[in-house]
Amino acid sequence: MVELAPSILSCDFSNLQRDLDQTKGTDLKMIHIDVMDGIFVPNISFGFKVIKDIRDKNDYFFDTHAMIVEPIKYIEEFKNSGVDRLTIHYEACENLDQTIKEIKESGMEVGLTFKPATDINLIIPYLDKIDLVLVMSVEPGFGGQKFMEDSVEKIKILRAYIDENNLDVKIQVDGGIKTTNVEKVIDAGADEIVSGSDVFGKDIKEQINKYYEIFKEKSL
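Below, the structure is looked at part by part. (Residues numbered from 1 in each chain as written. Predicted model: local features only at pLDDT ≥ 70, side-chain atom pairs only at ≥ 80, totals over all residues. Heavy atoms only, no water.)

1. Details of the sheet that holds strand E4 (residues 85-89)
Pairing is parallel in the open sheet, where 8 strands are placed in the order E1-E8-E7-E6-E5-E4-E3-E2. What marks the edges here is a single partner per strand, and that holds for strand E1 (3-6) and strand E2 (30-36). Strand-to-strand twist across the sheet, computed as the mean angle between neighbouring axes with direction ignored, equals 25°. Of the pairings in the sheet, the one linking E1 to strand E8 (residues 192-195) comprises 4 bridges and is parallel in character. Each bridged residue has a counterpart across the sheet, and for Glu3 the counterpart in E8 is Glu192. (Pairing = 2+ DSSP bridges. Helix = DSSP H or I, 4+ residues; strand = E, 2+ residues; numbered from the N terminus. Axes fitted to C-alpha atoms, helices over the stretch in contact; angles between N-to-C directions.)

2. Some remarks on the nonpolar core
Ranked by internal contacts, the top residues of the largest apolar core, which has 61 residues, are Ile8, Val133 and Ile193. By residue number, the principal contributor to this core is helix H8 (residues 204-219), which donates 6 residues. Ile193 has contacts with Val2, Glu3, Leu4, Ala5, Val173, Ile177, Val182, Val185, Ile186 and Phe215, leaving out every residue within four places of it along the chain. In terms of nonpolar packing, the next biggest core, distinct from the first, is built from 5 residues, Met36, Phe40, Val41 and Ala92 among them. (Core = buried A, V, L, I, M, F, W, Y, C linked by side-chain atoms within 4.5 Å. Buried < 20%, exposed > 50% of the residue type's maximum accessible area, 1.4 Å probe, protein only. Contact = heavy atoms within 4.5 Å.)

3. A look at unusual backbone geometry
Even without glycine at this site, Glu70 takes up a positive phi of about 50°. With respect to the helices and strands, the residue Glu70 is situated in the loop between strand E3 (61-67) and helix H3 (75-81). A positive phi angle, close to 50°, is found at Asn166, a residue other than glycine. Among the secondary structure elements, Asn166 is positioned in the loop between helix H5 (151-164) and strand E7 (170-174). The exposure class assigned to Asn166 is exposed, which follows from its relative accessible area of 71%.

4. Examining the packing of aromatic side chains
For the structure on display, the rule yields 6 aromatic pairs. Their ring planes at 70° and their centres at 6.3 Å tell us that Tyr90 and Tyr126 sit as a pair that is edge-to-face. With Tyr90 in the loop between E4 and helix H4 (96-106) and Tyr126 in the loop between strand E5 (109-114) and strand E6 (132-136), the pair connects residues that are 36 residues apart, well separated along the chain. Judged by relative accessible area, Tyr90 falls into the partly exposed class, the value being 24%. Through pairs of rings, three or more aromatic residues link up here, namely Phe48, Tyr74 and Phe78. One Lys or Arg, Lys115, reaches over the ring of Phe40 and ends 4.4 Å from the middle of that ring. (Phe/Tyr/Trp six-rings, centres within 6.5 Å; stacked < 30°, edge-to-face > 60°. Lys NZ or Arg CZ within 6 Å of the ring centre and 35° of its normal.)

5. Some points on H4
Looking at H4, one finds that the buried residues are Leu96, Thr99, Ile100 and Ile103. All buried residues of H4 project into a common sector of 100° when viewed along the axis, lining one side. Of the surrounding elements, those touching the buried residues of H4 are H3, E4 and E5. The N-terminus of H4 is capped by Asn95, whose side-chain oxygen sits 3.5 Å from the backbone nitrogen of Asp97. Where H4 terminates, the next one or two residues include Gly107, which has phi positive at roughly 100°. (Arc of directions from axis to C-beta. Polar contact = N/O pair within 3.5 Å; in protein donor to acceptor, adjacent residues only side chain to side chain.)

6. A look at the side chain of Gln207
Secondary-structure assignment places Gln207 in helix H8. Residues in contact with Gln207, not counting those within four places in the same chain, are Thr179, Asp198, Val199 and Lys202.

7. With respect to the pairing of E3
Judged by how many residues are buried, E3 sits mostly within the fold: 6 of 7 residues are covered. With 7 bridges connecting them, E2 and E3 associate as parallel partners. Looking across to E3, one finds that Met36 is bridged to Met67. Handedness of the crossover joining E2 and E3 through helix H2 (residues 48-55): right-handed. Judged from the 3 bridges that link them, E3 and E4 form a sheet pairing that is parallel. Its bridge partner lying in E4, His65 is registered against Thr87. Each parallel crossover has a hand, and the one from E3 via H3 to E4 is right-handed. (Right-handed = clockwise from strand over helix to strand, strands pointing away.)

Right, dumping it as structure tokens:
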């Protein structure tokens, strides 16, 4: 079944754990953590201490999206802070193969993503080396943006390639996802859905339950 990964970037950071507590008692299995350095993207989010602090209080799979230059420099810090999967950008790594290799050797799963303007054909050769490919349906860096419709076709291309080659790679989509448009990306082949403001900007528990109702209907 499709899984939800709510982005904590949309939490109220003066009450971060309070918001996370509202996710409990649902079908939720993971949270999405956006780390931004102000260089790769024009925004800064938070660092390792925040991840480590919430790790101690939340038994979720920590799905972390590193929007940072040369993430290879920080693999150990991500691992030590409690990250379960580290997703890196194609455009941010001088040596992408080595970065993927070192993330795997650390014991974390590895995800790969790319900016909307990057040719998807540059990503295809890496699909047999990673655990997840993330389709960005907005420009990385800020929450609350409008969903880019052309991302649906990218999901379809990836789904077809993964299935035809029997690869064990999940497809995640992130950006502008709401309960009102999530079905189109599921139909295209997405396995994991990242949603920020549509979860943490509303009644948190109610929204998570709405997503999982949709997921269950689509899995029938």
